[in-house]
Amino acid sequence: MSERLAQSLLLEGLILLLVKGVRAEPPKDPIYVKTSTGWNAAYAHGNEYAEFRVTGNGAKLQDAYHILLQKGVGMMVSFVDKKELQNDSDLLSAHAQWEIDYWHQHASRVESNNREDLAGTIKDVKVTEIKVYNDKGAQMSSYLIGLDAKDGVFVLSVSPGKKDVDPSVKELVSSFKVVPRNLDAEEAKRLSSEAKTQR
């Protein structure tokens, strides 16, 4: 059985379980539905969820939280509760600073840059480019895409952060939004049906 078919069957099985009502509460992990252009994803927290699209037939799920977007470029999906952050008035800036502070504790040098050119005019999304250096000068870079939510920040971290990844980041940003509904069985069924029309 091909890996693609196995992934598709696994994901459709998960949707089926959700639709059949075996799981009454929202899924704890992000869910993905295969489309002809990649994956539609939903990640619940409380009574809302983040929705985003991963485009490109080369995109491969590693697990619920890690996606290989293309050769050599990965993405991690997460949520940071506002209780972890210092500033409730501007969660997106507080989250970016929280991440930068973390890297200051684990790296020799950290550089950050607000990438408004990648976020565009979307007000509830912030893109921060972070470059981390070790004591030998080696560099790791990433784009931190934060989405403002009621109880914190939904996060997509894309690494490495480099110019040829910018178009993919812009696509992610344009699809990244909060849906103010529970990700229950009915909503999962709706998402699955919607994805089938995109196939």
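In what follows, the accompanying structure is described. Counting of residues starts from 1 at the beginning of each chain's written sequence and follows it residue by residue. For this predicted model, a pLDDT threshold of at least 70 governs which residues receive local features, and a threshold of 80 or more governs which side-chain atom pairs are given and counted, while totals over whole chains, interfaces and linings are taken from all residues. To obtain the side-chain values, all non-hydrogen atoms of the structure were used and water was disregarded.

Some thoughts on the overall build of the chain
Moving on, step 1. Put simply, DSSP H or I for four residues or longer makes a helix, DSSP E for two residues or longer makes a strand, and each gets a number counted from the N terminus. Each helix and strand counted, the chain has five helices and 11 strands in total.
Moving on, step 2. Across the 199 residues of the chain, 44% fall into the buried class.
Moving on, step 3. Within the chain, counting contacts between residues at least 6 apart in sequence, those at least 24 apart form 53% of the total.
Moving on, step 4. Surface exposure here means Shrake-Rupley accessible area, sampled with a 1.4 Å probe, where a residue is shielded only by the protein chains that are shown. When the accessible surface of the chain is totalled, it reaches about 10700 Å², and 51% of it is carbon and sulfur. Any residue under 20% of the maximum accessible area for its type is buried, any over 50% is exposed, and the rest in between are partly exposed; the area is computed with a 1.4 Å probe on protein chains only. For this analysis, residues touch if any pair of their heavy atoms sits within 4.5 Å.

Overview of the pairing of strand 6 (residues 73-81)
Moving on, step 1. In terms of strand pairing, strand 5 (residues 66-70) meets strand 6 through four bridges, oriented antiparallel. By the bridge assignment for strand 6, Gln70 is matched with Val73. Should DSSP find at least two bridges between two strands, the strands are regarded as paired.

Let's talk about helix 2 (residues 91-106)
Residues separated by three or four positions in an α-helix point in the same direction, a consequence of the helix having 3.6 residues per turn.
Moving on, step 1. To estimate the expected span of a helix, count its residues, drop one, and scale the result by 1.5 Å. With 16 residues, helix 2 extends 23 Å from end C-alpha to end C-alpha; this agrees with the ideal 22 Å at 1.5 Å per step.
Moving on, step 2. Turning to helix 2, its buried residues number three or more, namely Leu91, Leu92, Ala94, His95, Ala96, Glu99 and Ile100.

Re the pattern of salt bridges
Moving on, step 1. We count a salt bridge whenever a side-chain nitrogen from Lys or Arg sits within 4 Å of a carboxyl oxygen from Asp or Glu. The final tally for this structure, using the stated rule, is eight salt bridges.
Moving on, step 2. In this structure, Lys177 and Glu51 form a salt bridge, with 3.4 Å as the shortest nitrogen-oxygen distance. Pair noted here: Lys177 is in strand 11 (residues 177-179) and Glu51 is in strand 3 (residues 48-55), with a separation of 126 residues, a long-range link.
Moving on, step 3. We classify Lys177 as partly exposed; its relative accessible area is 43%.
Moving on, step 4. Residue classification places Glu51 among the buried positions, given a relative accessible area of 14%.
Moving on, step 5. Across the pair Arg190 and Glu194 runs a salt bridge whose closest N-O atoms are separated by 2.8 Å. Of the two residues, Arg190 and Glu194 are both situated in helix 5 (residues 185-197); the distance of four residues between them amounts to about one turn of the helix.
Moving on, step 6. The partly exposed category is assigned to Arg190, whose relative accessible area is 31%.
Moving on, step 7. Through salt bridges that share partners, Arg115, Asp117, Glu129 and Asp166 make up one connected network.

Description of the environment of Ile145
Moving on, step 1. Mapped onto the elements, Ile145 comes out in strand 9 (residues 139-148).
Moving on, step 2. Overall, the relative accessible area of 0% leaves Ile145 in the buried class.
Moving on, step 3. Sequence-distant contacts of Ile145, that is, excluding residues within four places in its chain, are made with Val125, Lys126, Val127, Phe154, Val155, Leu156, Val158, Val169, Leu172, Val173 and Phe176.

Considerations on the sheet that holds strand 2 (residues 38-45)
Moving on, step 1. Strand order in the open sheet formed by four strands is 1-2-3-11, and the pairing between neighbours is antiparallel. Since the sheet does not close on itself, it has two edges, and those belong to strand 1 (31-35) and strand 11, each with one partner. Taken pair by pair, the neighbouring strands of this sheet meet at an average axis angle of 25 degrees, ignoring direction.
Moving on, step 2. Both strand 1 and strand 2 contribute to a ladder of five bridges, which runs antiparallel. From the neighbouring strand, Thr35 faces strand 2, where its bridge partner is Gly38.
Moving on, step 3. Helix axes are fitted only over the stretch in contact, all axes being lines through C-alpha atoms; the angle between N-to-C directions runs from 0 to 180 degrees. Sitting on the sheet, helix 4 (residues 166-175) touches strand 3 and strand 11, and the angle it makes with strand 3 is about 150 degrees.
Moving on, step 4. Packing against the sheet, helix 5 makes contact with strand 1, strand 2, strand 3 and strand 11, and its axis sits at approximately 20 degrees to strand 3.

Quick look at the packing of aromatic side chains
Moving on, step 1. In this scheme Phe, Tyr and Trp rings, the latter by its six-membered ring, pair at centre separations within 6.5 Å, and the angle between planes marks the pair as stacked below 30 degrees, edge-to-face above 60, and tilted otherwise. Tallied over the entire structure, the rule returns five aromatic pairs.
Moving on, step 2. Measuring from ring centre to ring centre gives 5.9 Å for Phe52 and Phe176, while their planes differ by 90 degrees; the resulting arrangement is edge-to-face. Residue Phe52 is located in strand 3, and its partner Phe176 is located in the loop between helix 4 and strand 11; the two are separated by 124 residues in the primary sequence. For the pair formed by Phe52 and Phe176, the shared burial category is buried.

A word on the sheet that holds strand 6
Moving on, step 1. With respect to topology, seven strands assemble into an open sheet ordered 4-5-6-10-9-8-7, the strand pairing being antiparallel. Two strands lie at the open edges of the sheet, namely strand 4 (60-63) and strand 7 (109-114), each paired on one side alone. Strand-to-strand twist of the sheet, defined as the mean angle between neighbouring strand axes without regard to direction, takes the value 25 degrees.
Moving on, step 2. Of the pairings in the sheet, the one linking strand 8 (residues 125-133) to strand 9 comprises nine bridges and is antiparallel in character. Looking across to strand 9, one finds that Tyr133 is bridged to Gln139.
Moving on, step 3. The sheet contacts of helix 2 involve strand 6, strand 7, strand 8, strand 9 and strand 10 (152-159), and relative to strand 8 the element is tilted by about 10 degrees.

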